[in-house]
Amino acid sequence: MKATIISNRRTAVIISLLVALAFGAWSVLLGQDRNWDLLNYHLYNPYAFLNDRIEVDLAPAGVQTFFSPVLDIAYFTAISHLSPKMVGFIIGFLQGLNFLLLYKIANRVLKHHEQSSVYSALLALAGVLTVGFLAEVGTTMHDSLVALFPLLSLWLIMSSIGSLGAARQRPVWIMIIAAGVIAGIGIGLKLVSAIYALPLCLSLLILPVSLFKRFNLSFIFGLSVLAGLFVTGGYWLYEVWRLFGNPLFPQFNNYFQGELAPFEEIRDIRFLPRTLFDKVFYPVIFTFDPQRVAELKYQQFSWLVSYIAILGFFLNAIIRAFRKTSGRRHWSPEAAYLLTFFCISYILWLNIFGIYRYLIVIELLIPLLLFVIFNYFFKFRYRSIAALALLGLLTTVNLRGVPDWGHAEWSDTVYSVEAPEITEIPEPAAIYFAGQPLAWLVPALGLKTPFIQVVPNMSVSEVYWQRAKILTADRSGKRFVIYESDDPVILHRSQEALARLDLSVDDKSCGLIYASLGKARSEYRFCELRNTESN
């Protein structure tokens, strides 16, 4: 028996490494990541942090300027020392490790199932072949990378459930504390991960132990989350608070009142459900209209099937409760915890974000959840095989709906720029950005000049424009504006903003900047600015 367990573990590790290597190789085949967020802030934020530019520039990446740079520092350091292809491989490999965690979680949920190792491996494979996860392979969007933390936390909690009634409780508390710290680390790396930490905590309240112990477990887990958040997010949250008066600036500025933005709630509500009907039927809606929850088409029919399955499960439970049906169906504590975690996470996402990418953690768990519910409802002999066949069909159909956030051919360096008129000595007094994404040009240009966004993707206050003047008041030299595009809206907004700074465009001085990410070349129009301030 012991030899079999060791053999299964070795096999699982080998398969997991092969899957991770396959995702690393796939990342290389896809090419250089070129997603909007990379152009906007994944290159700028770490560069600004490492070069003390936080107080030099003014929101060149808009609202994303204020996001934590911790993960991006790792990426920026990697591309500074390794080839872009090697960095792409590493990202894909790390993302592929989600397979191992899905396998471990499935093994806990299916621990009483015959051939649990085989089924767990197949369900984990179906998990990493979901649309949202595949769309981010090799990218710097971080959702699938940060997913490792809530999934690891979920596995640790599930591993502790079987020991809740044991005489020795120390190992249980160690695992709960570790799970909380790991979940908190994930939040510190990407704040969106909080929509998974809270469900992990609340779901502890449904475990089959005394009410007092449930609250203790949740409380200790919550404290541990805060400790983990402090490790990876504490310094950045403090810095943003110190510099801008709001640790989450500009979000929740109605509470913290950072002076660079209006004292109002600032959040992205583009993808939130618009009505109560939308909220109730959102999985149906975004299955057939994927762009209700994303800029690109994430078409995954598994959400529709999951919605029907979960509703059916709860309806069945209500009917059985009213009828006081005798005969109890097997539903393990691990399965109950999984379902509770899944549902609470979805509800939080539905009401806070509505952005598809932020669903990746529970999207990865859909195959396992459907498998468990299918086996709960049906009792015929080959139900597990039938469930796998259904999941295989869904996976095949879903693979047609994987969007691409943008790739380019590999080059020797991630980015480069040709802008002789701007980079000539002496350096410009200031460079103004009109639109996004342009902030990646800051590390590409390598100037000490202040970069100021005049068409930010957030509401700003009068203090913002005062700060823009202060940052450049004592600097001599030319001033330039760089346009993200010739969109009439951007041109109009930039003209108004520059007028507030007593600047106007010299149309006869305009030229082009040539910038490359990988081998994909972009052109940006720039113009010299005149000072219109009256003497």
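Residues numbered from 1 in each chain as written. Predicted model: local features only at pLDDT ≥ 70, side-chain atom pairs only at ≥ 80, totals over all residues. Heavy atoms only, no water.

Asks: Teacher, can you tell me more about the overall build of the protein here?
Replies: If you tally the helices and strands in the protein, you get 23 helices and eight strands. Relative to a compact globule of 535 residues, whose C-alpha radius of gyration would be 24 Å, the protein shows 26 Å and is just as compact. Oriented by its inertia axes, the alpha-carbon framework of the protein measures out at about 90 × 45 × 45 Å. Taking the intrachain contacts of the protein between residues at least 6 apart in sequence as the baseline, contacts between residues at least 24 apart amount to 73%. Of the accessible surface of the protein, which amounts to about 24,600 Å², a share of 62% is contributed by carbon and sulfur atoms. Computing the positive centroid from 44 side-chain charges and the negative centroid from 38, the protein places the two 18 Å apart. (Helix = DSSP H or I, 4+ residues; strand = E, 2+ residues; numbered from the N terminus. Rg over C-alpha atoms; globule rule 2.2 N^0.38 Å. Contact = heavy atoms within 4.5 Å. Areas by Shrake-Rupley, 256 points an atom, 1.4 Å probe, with all protein chains shown as cover. Lys, Arg positive; Asp, Glu negative; His and termini not counted. Charge placed at Lys NZ, Arg CZ, Asp CG, Glu CD.)

Asks: Please explain the state of the cysteines as it appears in this structure.
Replies: Covalent bonding between the sulfur atoms of two cysteines defines a disulfide. Taken as a whole, this structure holds one disulfide when the rule is applied. A disulfide bridge connects Cys510 with Cys527, and the sulfur atoms are separated by 1.9 Å. Taking the sign of the S-S torsion, about 105° here, the bridge from Cys510 to Cys527 comes out right-handed. One end of the pair, Cys510, is in strand 7 (residues 503-517); the other, Cys527, is in strand 8 (residues 520-531), with 17 residues separating them in the sequence. For Cys510, a relative accessible area of 28% corresponds to the partly exposed category. Sulfur of Cys201: no disulfide; nearest cysteine sulfur belongs to Cys343 and is 17 Å away. Its relative accessible area of 17% is what places Cys343 among the buried residues. (Disulfide = S-S within 2.5 Å. Buried < 20%, exposed > 50% of the residue type's maximum accessible area, 1.4 Å probe, protein only.)

Asks: How should I be thinking about the environment of Tyr282 in this particular structure?
Replies: Tracing the chain through its elements places Tyr282 in helix 15 (residues 276-288). Look past the residues within four positions of Tyr282 in its chain and what remains in contact with it is Phe271, Leu272, Pro273, Arg292, Val293, Tyr346, Trp349 and Leu350. Here Arg292 takes part through its backbone oxygen, which lies 3.3 Å from a polar atom of the side chain of Tyr282. (Polar contact = N/O pair within 3.5 Å; in protein donor to acceptor, adjacent residues only side chain to side chain.)

Asks: So what exactly am I meant to see when it comes to the pairing of strand 8 here?
Replies: A regular strand places its side chains so that they alternate between the two faces of the sheet. When strand 6 (residues 479-483) meets strand 8, the two strands line up antiparallel, connected through four bridges. Pairing of Tyr483 across the sheet is with Arg525, part of strand 8. As paired elements, strand 7 and strand 8 share eleven bridges and run antiparallel to each other. The residue bridging Ala515 from the neighbouring strand is Ser522, located in strand 8. (Pairing = 2+ DSSP bridges.)

Asks: What is the right way to look at a nonpolar patch on the surface in this model?
Replies: On the surface, Leu82, Met86, Ile90 and Leu94 cluster together into a nonpolar patch covering about 300 Å² of accessible area. As for its placement among the helices and strands, Ile90 is situated in helix 5 (residues 84-96). (Patch = residues over 30% accessible without salt bridge, like charges linked within 9 Å, V, L, I, M, F, W, Y side chains within 5 Å. Salt bridge = Lys/Arg side-chain N within 4 Å of Asp/Glu carboxyl O.)

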